[in-house]
Amino acid sequence: MSSILSTALAAPAFAGSWNSEPAPACVAMYESWRYTDAASNCASTVGVRVVYQDGATGLCYALPPGASRTVGEGYLGAHGHPDHLALCEGF
């Protein structure tokens, strides 16, 4: 399982199809000065991207069940504070 999870987390981000729908409640976002991280407690893999307060969006990342990873810049980045995580399609 750990090798599968490592492979999934090492996969590069991709543009994905934009979806304005917010990520489900089973995905949590954590913000720090340097990074924005996401953690999934969902039953299946979801694709998420960061939507910043200035309207900019990040790349799409796959989050398998139980996974957590860095998904964007923190609040000292070019776009400031993240606003929320949005779903992206293509999984």
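A few points on the structure. (Residues numbered from 1 in each chain as written. Predicted model: local features only at pLDDT ≥ 70, side-chain atom pairs only at ≥ 80, totals over all residues. Heavy atoms only, no water.)

## Examining the environment of Ser68
Logical step 1: Mapped onto the fold, Ser68 is located in strand S6 (residues 68-73).
Logical step 2: Exposure remark for Ser68: the relative accessible area of 46% places this residue in the partly exposed category. (Helix = DSSP H or I, 4+ residues; strand = E, 2+ residues; numbered from the N terminus. Buried < 20%, exposed > 50% of the residue type's maximum accessible area, 1.4 Å probe, protein only.)

## Observations concerning the nonpolar core
Logical step 1: Counting 14 residues, the largest nonpolar core has Val27, Ala38, Val46, Val48, Leu63, Val71 and Leu85 as the members making the most contacts within it.
Logical step 2: Considering each element in turn, this core owes the most residues, four residues, to strand S4 (residues 46-52). (Core = buried A, V, L, I, M, F, W, Y, C linked by side-chain atoms within 4.5 Å.)

## Things to note about a nonpolar patch on the surface
Logical step 1: A grouping of Trp33, Tyr75 and Leu76 is seen on the molecular surface, where their side chains present a nonpolar patch of about 360 Å² in accessible area.
Logical step 2: Looking at the secondary structure, you find Leu76 in the loop between S6 and strand S7 (82-89).
Logical step 3: In this structure Leu76 comes out as exposed when scored by relative accessible area, which is 62%. (Patch = residues over 30% accessible without salt bridge, like charges linked within 9 Å, V, L, I, M, F, W, Y side chains within 5 Å. Areas by Shrake-Rupley, 256 points an atom, 1.4 Å probe, with all protein chains shown as cover. Salt bridge = Lys/Arg side-chain N within 4 Å of Asp/Glu carboxyl O.)

## Focus: the pairing of strand S2 (residues 27-31)
Logical step 1: Direction of pairing for S2 relative to strand S3 (residues 35-40): antiparallel, over a ladder of five bridges. Bridge pairing in S3 links Tyr30 to Asp37.
Logical step 2: Hairpin remark: S2 followed by S3, antiparallel, with three residues in the connecting loop. (Pairing = 2+ DSSP bridges.)

## A look at the sheet that holds S2
Logical step 1: Strand order in the open sheet formed by three strands is S2-S3-S6, and the pairing between neighbours is antiparallel. The outermost strands of the open sheet, each flanked by one partner alone, are S2 and S6. Taking the axes of each pair of neighbouring strands and ignoring which way they run, one obtains an average angle of 25 degrees across the sheet. (Axes fitted to C-alpha atoms, helices over the stretch in contact; angles between N-to-C directions.)

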